[in-house]
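Analysis of the macromolecular model
Chain residues, written in single-letter form:
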Amino acid sequence: MNFNTKRFLLRELPVPVFVAIFSAVYFFSTKKHDFSVTGYPYVVIGVIQILLILILRNVFRNAESSDCKNEKDLRIPNVLALILSALCYLILIPRLGYYASTLLLLVILMVFFKVRSSLFLFAVPIGYVALSYIVFRIFLRVPLPEGILF
Amino acid sequence: MIENITSAFISLFSPEMLFLMFCGMVIGIIAGALPGFSSTNACAVMIPVTLLMSPAGALVFFASVYNGAQYGGSIPAILVNTPGTPGAGATTLDGFPMARAGFPDRALGISLMASCIGAMLSSVIVLLAINPIARFAFKFGPPEMFVIAILGLSIIASVIGADIKKGLLSGMLGLLIAAMVADPSSGIPRLTFGFLELYDTVPFVPAVIGLFAVTELFYLAGKERIADTEDTSKIGNFGEILKGMKIALQKPAVTIKSSLIGLFIGAIPGAGTTIATFVSYGEAKKSSKEPEKFGTGIPEGIIASEAANNGVTSGALIPMLVLGVPGSGTTAIMLAALMLHGIRPGPELMMNFAPMAYMVLLSLAFTGIIMLLLGLLLGKYFAKVVLVPNNILVPIILVLCIIGAFAYRNAFFDTYLLLVFGVLGLFMRLGEYPFIPMILGIILGPMAEANLYRSLQMSGGDVSILFFRPITLVLWAIVFLSIFRPFIKKTVRALFTKS
């Protein structure tokens, strides 16, 4: 298998594999229910199976010959940084509160994305937090999570 | 009626009403521009404030917030591919490509003018025909609502993208995700993984923000800034906004048709803005001479979505004012606020407080003009967002997306769901699976299933109820035409060419 074929399969396979696993989990965990409860989703799962067969047949048929589009803007370290930082942020919000954890997340991400100016590094997070306090807390009165800080 | 309209017109131009309309419009635009916040959130938090106003003032204020939010939702949709409101989901399809190509002001101008015309046209129509429209809208029972959902799903055919199989799989996945919740007839949970948050509905706000915005962030993080073009002289340019407005004015057919679609679907309780905008977008694409250009940043795509979502505003007011039944989340809040003022909307309102009802509808038309002025004044500053370096913009948008998903139901669960949809969206984009069919599946699946169940209950299991009622017959004909129109067009053309 050459490099291009590998890249093509890595691009084409995740969604069909996810859909296949998701529909299998759906089917096996709802099998115990009456057909009146699961009839409609099972019809959908049936159609999904047919589509999966057609799509996978196409994928493997074209794997050798297909050209892979170059995703020059997509950088794996950036994607991972965004996902991991968002997860940490979600874990921190109930503990530190929305405003403190937002400040932290913005500074960390801006450092990761190489914002050089120290003025921006401080002014943007503080400005954003102050603005969001005015908009969400005072203006829209949205009950954002509070933590140990504020 | 003329007397009532005249009296409403005079009252509307009092300094108090003008001030309320302006404030409502500003609040609406801000709330609409924040992803996850909608006119419903904004109106809900403003209820205590409206207790200080007269009942008519409260209604006019809410109507202005509602109208402003519909336009405000298009601003982040165009500039950063993040729909501010679910109703602006379809605006991203052509708005963002146009902004990325270096014409954000033009896209904002098109959206502004289409929103303004959508709001004004639909409110004038409603003003003149509120009673017959309301009577017609209330002939829609579960069988008709089922066919409306099917009509919405038939739009999948037109937004499917290059590969039909991938588009269909995306739509089917949306339907299956929506069917994770409890069965509507028995209440038995199906695939909720024990999460109470999934028992009632799969929330579509985290799905929309996750698929569109979070996925886009993954790509934006690898770029210097949003605008692809080197020539930035046309960004933040007042002339470009005017040019965009002129373009929208030059396409009256799309604007009028989309406003009417918005008005009609908005008048059906429970149908919603999102369905209206996608039906309108699909219709514009199907009737276009260049359907292949939709999705690449053409004006018609922005007009179709924006005129429809502002058309919905007037439509949704009809059942609330005439029958006391809310046509949308925002009108439900308006109804509650009116009750706090001791007024029960419905036939009584139209009899005893007719000038007030007409004043609200007139205010929708007038706020269209305020929206135009505010958009013109602020548009060029909004547009500069595409020039902000992505290493500053991406962290801020990520935080906004997360807080938007949270604020929708005040649930942390939705923020995790947002990330799941974001990652799924990334793989879908890599594999070239379109997002829109999936969104349509998530929104319309529960509506189709619940109304199918109710219809069959009404008929004792007889399927013919779905087909042989006067309105369903017409709706099925529209569904048929919607799916097979390209084929029919081609066949008719071939026949004429032969003869």
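Residues numbered from 1 in each chain as written. Chains lettered and ligands numbered in written order. Predicted model: local features only at pLDDT ≥ 70, side-chain atom pairs only at ≥ 80, totals over all residues.

Overview of the overall build of chain A
- In terms of helices and strands, chain A carries six helices and zero strands.
- Each helix and strand of chain A, placed in order from N terminus to C terminus, yields the pattern α-α-α-α-α-α.
- Expected size for 150 residues packed as a compact globule is a radius of gyration near 15 Å; at 23 Å, chain A overshoots this value by more than 25%.
- Per-residue burial for chain A yields a buried fraction of 23% across its 150 residues.
- Pairs at least 24 residues apart make up 65% of the contacts formed inside chain A by residues separated by at least 6 positions. (Helix = DSSP H or I, 4+ residues; strand = E, 2+ residues; numbered from the N terminus. Rg over C-alpha atoms; globule rule 2.2 N^0.38 Å. Buried ≥ 20, exposed ≤ 12 C-beta atoms within 10 Å, placed from the backbone. Contact = placed C-beta atoms within 7 Å.)

Remarks on the overall build of chain B
- Secondary structure summary: chain B contains 22 helices and zero strands in total.
- A globule of 499 residues ought to have a C-alpha radius of gyration of about 23 Å, and chain B, at 22 Å, matches this closely.
- If one aligns the C-alpha atoms of chain B with their principal axes, the spans along those axes are about 65 × 60 × 60 Å.
- Looking at chain B residue by residue over its 499 residues, the buried ones come to 61%.
- Put simply, 80% of the contacts in chain B that link residues at least 6 apart link residues at least 24 apart.

Considering the confidence of the model for chain B
Residues and elements named next belong to chain B.
- The predicted model of chain B averages 83 in pLDDT, with 92% of residues at 70 or higher.
- Confidence scores differ between elements of chain B, with helix α17 (residues 347-352) showing the lowest mean pLDDT of 69 and helix α20 (residues 412-430) the highest of 92.
- In the model output, the complex is listed with pTM 0.76 alongside ipTM 0.92. (pLDDT = per-residue confidence, 0-100.)

Quick word on the interface of chain A and chain B
- Each partner contributes residues to the interface: chain A has 48 residues there, and chain B has 46 residues.
- Among the elements of the structure, α1 (3-12), α2 (14-30), α3 (35-62), α4 (76-96), α5 (98-112) and α6 (118-139) of chain A are those that each provide at least two residues to the side of chain A that touches chain B.
- Among the elements that make up the side of chain A that touches chain B, the one with the highest residue count is α3(A) (twelve residues).
- For the side of chain A that touches chain B, the class distribution of residues is 33 nonpolar, eight polar and seven charged. (Nonpolar A, V, L, I, M, F, W, Y, C, P; charged D, E, K, R; others polar.)

Quick word on the confidence of the model for chain A
- Residue-level pLDDT values for chain A average 86, and 93% of them are 70 or greater.
- Ranking the elements of chain A by mean pLDDT puts α1(A) last, at 82, and α2(A) first, at 94.

As for the domain arrangement of chain A
- Here chain A is described as being made up of domain 1 (3-62) and domain 2 (76-139).
- Each of domain 1 of chain A and domain 2 of chain A has a C-alpha centre, and the two are 37 Å apart. (Domains from an automatic or database assignment.)

Observations regarding the environment of G24(B)
- Residue placement: G24(B) occurs in helix α2 (residues 15-33).
- Between the C-alpha atom of G24(B) and that of A42(B), which follows or precedes it by 18 residues, the distance is 9.6 Å.

Some words on the environment of S64(B)
All names here are of chain B.
- Of note, S64 is situated in helix α4 (residues 55-72).
- Taking the C-beta count within 10 Å as the criterion, S64 has 29 such neighbours and is therefore assigned buried.
- Put simply, S64 and R190 are 126 residues apart on the chain and 41 Å apart in space, counted from C-alpha to C-alpha.
- Leaving out residues up to four positions away in the same chain, S64 has contacts with L20, M21, G24, M25, G28, S363 and T367.

A few points about the packing of helix α1 (residues 2-12) of chain B against helix α18 (residues 354-383) of chain B
Residues and elements named next belong to chain B.
- Interhelical geometry of α1 versus α18 gives an angle of 60° and a closest axis separation of 8 Å. Judged by the angle between their axes, α1 and α18 are oblique. Judged by the sense of rotation from one axis to the other, the crossing of α1 with α18 is right-handed. Facing N4, I5, S7, A8, F9, S11 and L12 of α1, the residues of α18 in contact are A354, P355, Y358, M359, L362, S363 and F366.
- Its residues placed into classes, the contact of α1 with α18 shows ten nonpolar, four polar and no charged. (Axes fitted to C-alpha atoms, helices over the stretch in contact; angles between N-to-C directions. Parallel < 35°, antiparallel > 145°, perpendicular 65-115°, else oblique. Left-handed = near helix turned anticlockwise from the far one by under 90°.)

Some remarks on helix α14 (residues 273-287) of chain B
- Here α14(B) spans 21 Å end to end across 15 residues, near enough to the 21 Å set by a 1.5 Å rise per residue.
- The buried fraction of α14(B) is high, at 13 of 15 residues. (Expected span 1.5 Å × (residues − 1).)

Remarks on α5(A)
- An ideal rise of 1.5 Å per residue puts 21 Å on 15 residues; α5(A) measures up with 21 Å between its terminal C-alpha atoms.
- All of the buried residues along α5(A) are Y98(A), Y99(A), S101(A), T102(A), L105(A), L106(A), L109(A) and M110(A). Take α5(A) and look down its axis: the buried residues cluster within an arc of 160°, on one side only.
- In this structure, the buried side of α5(A) is in contact with α4 and α6 of chain A together with α19 (390-409) of chain B. (Arc of directions from axis to C-beta.)

Some remarks on the environment of A336(B)
- Along the chain, the position of A336(B) falls in helix α16 (residues 329-340).
- Taking C-alpha positions, A336(B) is 9.4 Å from A44(B), a pair spaced 292 residues apart along the chain.

A short note on the packing of helix α11 (residues 204-220) of chain B against α20(B)
Residues and elements named next belong to chain B.
- Close contact between α11 and α20 brings their axes to 7 Å; oriented N to C, the two are set at 55°. One element, α11, and the other, α20, form an angle in the oblique class. When you trace α11 past α20, the crossing you get is right-handed. Contacts from P206, A207, I209, G210, L211, V214, T215 and F218 of α11 reach α20 at D414, L417, L418, L419, V420, F421, G422, G425, L426 and R429.
- Considering only residue class, the contact of α11 with α20 consists of twelve nonpolar, four polar and two charged.

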